[in-house]
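Results of the structural survey
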Amino acid sequence: MAEEKRVRHILSLSGGKDSAALAIYLRDRVPEMEYIFSDTQKELPETYEYLDRISSYLGQSVVRLNADVGFDHWYEMYGGMIPSNHRRWCTRALKLKPFEQYCGDQEVVNYVGLRADEDRTGYISHKPNIKAVYPFREDGLVLRDIEEILRTSGVGMPPYTNWGRTRSGCYFCFYQQKIEWVRLKETHPDLYEKAKAYEKPFEKTGNFFTWSQGESLAELERPMRIEQIKREHVIRIERLAARKENATLAEVFAEADRTQELDEDEDQGCLVCQL
Ligand code: SF4
């Protein structure tokens, strides 16, 4: 009799709240689940802390995947080109490729934490052996349900949300809002400096790229500019809160985050890195 083909079940944690909640939601339903994390080695320290917390809850280790070569190699290869929404080489090289290599050619069910209240599209692997499924969408779970799952499990929200960062991913991610850059500077000045160090004319080409649209981090950190960014952020949150009277704070921030991205990039962030 032919041996039955083994199907692997893989959930990729990003360090964000949705994939964490999905892991909790599925822990007892899919006991054979493999949990992975594609580590760019440019993550926030809080992300590693959160992964340890999730791993303890699951009673299972989270496999860390590393790309063959890291961010700095590709940065050099691309001629000092800082990635952006329109030049997003980092996701492919540092997140997707290690994931696909880990899956190999076996049949894989890939669990994705997209919620029922999101209109984004998730990563669909082009590899025919990887099938993406969306349990939150199928079961109609929205942001409030995800908050509840995290609260009742004791895992809680990602610790970087304590200082107002809304997204997982690299500390220098170009999807950050201006206010998040300000908070990064205030919370992790060393990481801000490291991000700033990438903003230099590339010696071989003279190209100069910035992480944040329209200004360098040296410009963004000027005291007057920081005050302006903070003021604008408060106005934005107040407006949104007034429009959404019964919304939780997390919903207001999620909306602020989403609308800011739409304003600035006409795109919706990096699903692979930030779900
Ligand atoms: S978190 Fe941002 S910078 Fe890092 S790999 Fe993802 S898109 Fe690129």
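Small disclaimer: the values here were computed from a predicted structure and weren't measured. (Residues numbered from 1 in each chain as written. Predicted model: local features only at pLDDT ≥ 70, side-chain atom pairs only at ≥ 80, totals over all residues. Heavy atoms only, no water.)

**Some remarks on the overall build of the protein**
Cut-off, in case you're wondering: Helix and strand definitions here come from DSSP, where helices need a minimum of 4 consecutive H or I residues and strands a minimum of 2 consecutive E residues; each element is numbered from the N-terminal end. Each residue is assigned to one of three classes by its accessible area relative to the maximum for its type, calculated with a 1.4 Å probe on protein chains only: buried under 20%, partly exposed between the two thresholds, exposed over 50%. Any two residues whose heavy atoms approach within 4.5 Å at even a single point are treated as in contact. For the accessible areas, the method is Shrake-Rupley and the probe is 1.4 Å, while residue cover comes only from the protein chains on display.
From N to C terminus, the protein includes 12 helices and five strands. Counting across all 275 residues of the protein, residues that qualify as buried make up 52%. Across the protein, contacts joining residues at least 24 apart in sequence account for 66% of those joining residues at least 6 apart. Of the roughly 13700 Å² that the protein leaves accessible, carbon and sulfur atoms contribute 51%.

**Some points on the packing of helix H1 (residues 17–26) against helix H2 (residues 45–58)**
The criterion, for reference: Between the N-to-C directions of two axes lies an angle of 0 to 180 degrees, each axis being a line fitted to C-alpha atoms and, for a helix, fitted only over the stretch in contact. Any angle that is under 35 degrees is reported as roughly parallel, and any over 145 degrees as roughly antiparallel; angles of 65 to 115 degrees are reported as roughly perpendicular and all others as oblique. Three classes are used, and their members are as follows: Ala, Val, Leu, Ile, Met, Phe, Trp, Tyr, Cys and Pro are nonpolar, Asp, Glu, Lys and Arg are charged, and the others, Gly among them, are polar.
Contact pair H1 / H2: the axes reach a minimum separation of 10 Å and the direction vectors enclose 10°. Comparing their axes, H2 and H1 come out roughly parallel. Contacts between H1 and H2 involve Lys 17, Ala 20, Ala 23 and Ile 24 from the first element and Tyr 50, Ile 54, Tyr 57 and Leu 58 from the second. The residue makeup of the contact of H1 with H2, split by class, is seven nonpolar, no polar and one charged.

**Quick word on unusual backbone geometry**
Note: most residues except glycine have negative phi, and most peptide bonds are trans. A positive phi angle, close to 65°, is found at Gln 41, a residue other than glycine. Within the secondary structure layout, Gln 41 lies in the loop between strand S2 (34–39) and H2. By relative accessible area, Gln 41 is classed as exposed at 53%.

**Points about the site of the ligand**
Put simply, the rule reads: Proximity is defined per residue: if any heavy atom of the residue lies within 4 Å of a molecule or strand, that residue is considered near it.
Lining the immediate surroundings of the ligand are eight residues, of which Cys 90, Gly 169, Cys 170, Cys 173 and Cys 273 lie closest. Class assignment for the residues of the shell around the ligand results in six nonpolar, two polar and no charged.

**Quick look at helix H10 (residues 223–243)**
How we decide: Given the number of residues in a helix, its expected span is that number minus one, multiplied by 1.5 Å. Within this analysis, the arc is defined by the directions that extend from the helix axis to the C-beta atoms.
Helix length check: H10 (21 residues) gives 31 Å between terminal C-alpha atoms against 30 Å at 1.5 Å per residue, within 8%. For H10, the full list of buried residues reads Arg 225, Ile 226, Ile 229, His 233, Ile 237 and Leu 240. Viewed along the axis of H10, the buried residues span an arc of 105°, placing them on a single side of the element. Within H10, the exposed residues directed more than 90 degrees away from the buried face are Pro 223, Met 224, Arg 231, Glu 238, Arg 239 and Ala 242.

**Comments concerning the sheet that holds strand S3 (residues 63–66)**
Under the convention used in this document: Whether two strands pair depends on DSSP finding at least two bridges between them.
With respect to topology, five strands assemble into an open sheet ordered S3-S2-S1-S4-S5, the strand pairing being parallel. A single partner strand is all that each edge strand has here, and the edge strands are S3 and strand S5 (130–133). Sheet twist, expressed as the average angle between the axes of neighbouring strands with direction ignored, equals 35°. Lying over the sheet, H2 contacts S2 and S3, oriented at roughly 175° with respect to S2. Contacting strand S1 (7–12), S2, S3, strand S4 (107–111) and S5, helix H4 (residues 89–103) runs over the sheet at an angle of about 145° to S2.

**Observations concerning the confidence of the model for the protein**
Put simply, the rule reads: Residue-level confidence of the predictor is what pLDDT reports, using numbers from 0 through 100.
Predicted confidence across the protein gives a mean pLDDT of 88, with 85% of residues reaching 70 or more. A low-confidence stretch, residues 261–268 (pLDDT under 50), is modelled with 18 contacts involving residues beyond four sequence positions or located in other chains.

**Observations regarding the side chain of Thr 40**
The test is simple: Two N or O atoms form a polar contact when they lie within 3.5 Å of each other; inside protein one atom must be a possible hydrogen donor and the other a possible acceptor, and for residues adjacent in sequence the pair counts only when both atoms belong to side chains.
Topologically, Thr 40 is positioned in the loop between S2 and H2. Taking relative accessible area as the criterion, Thr 40 reaches 5% and is therefore assigned buried. A polar contact is formed between the side chain of Thr 40 and the backbone nitrogen of Lys 42, at a distance of 3.1 Å. Within the structure, the side chain of Thr 40 is placed 2.8 Å from the side chain of Glu 43, a separation counted as a polar contact.

**Quick word on the pattern of salt bridges**
Inclusion rule: Criterion for a salt bridge: a side-chain nitrogen of Lys or Arg within 4 Å of a carboxyl oxygen of Asp or Glu.
Taken as a whole and assessed by the stated rule, the structure comprises 21 salt bridges. One salt bridge connects Arg 8 with Glu 34, and the closest N-O pair in it is separated by 2.8 Å. Placement of Arg 8 in strand S1 and of Glu 34 in strand S2 is noted, with a sequence separation of 26 residues between them. By relative accessible area, which is 7% here, Arg 8 ends up buried. Judged by relative accessible area, which is 16%, Glu 34 ranks as buried. Its salt-bridge partner being Arg 115, residue Asp 18 comes within 3.2 Å of it at the nearest N-O pair. Within this pair, whereas Asp 18 is found in helix H1, its partner Arg 115 is found in the loop between S4 and S5, the two being separated by 97 residues in sequence. Since its relative accessible area comes to 7%, Arg 115 is described here as buried.

**Structural notes on the packing of aromatic side chains**
Put simply, the test is: Centre distance within 6.5 Å is the pairing criterion for rings of Phe, Tyr and Trp, where only the six-membered ring of Trp is used; planes under 30 degrees apart are then read as stacked, over 60 as edge-to-face, and the remainder as tilted.
In this structure the tally under the stated criterion is 17 aromatic pairs. For the ring pair Phe 71 and Phe 172, a centre distance of 4.6 Å and an interplane angle of 45° mean the geometry is tilted. Of this pair, Phe 71 sits in helix H3 (residues 71–77) while Phe 172 sits in the loop between helix H6 (143–153) and helix H7 (178–187), placing them 101 residues apart in sequence. Overall, Phe 71 belongs to the buried group, its relative accessible area being 1%. On the accessibility criterion, Phe 172 (2% relative accessible area) is buried. Geometrically, the ring pair formed by Tyr 75 and Phe 202 is edge-to-face, given 6.4 Å between the ring centres and 80° between the ring planes.

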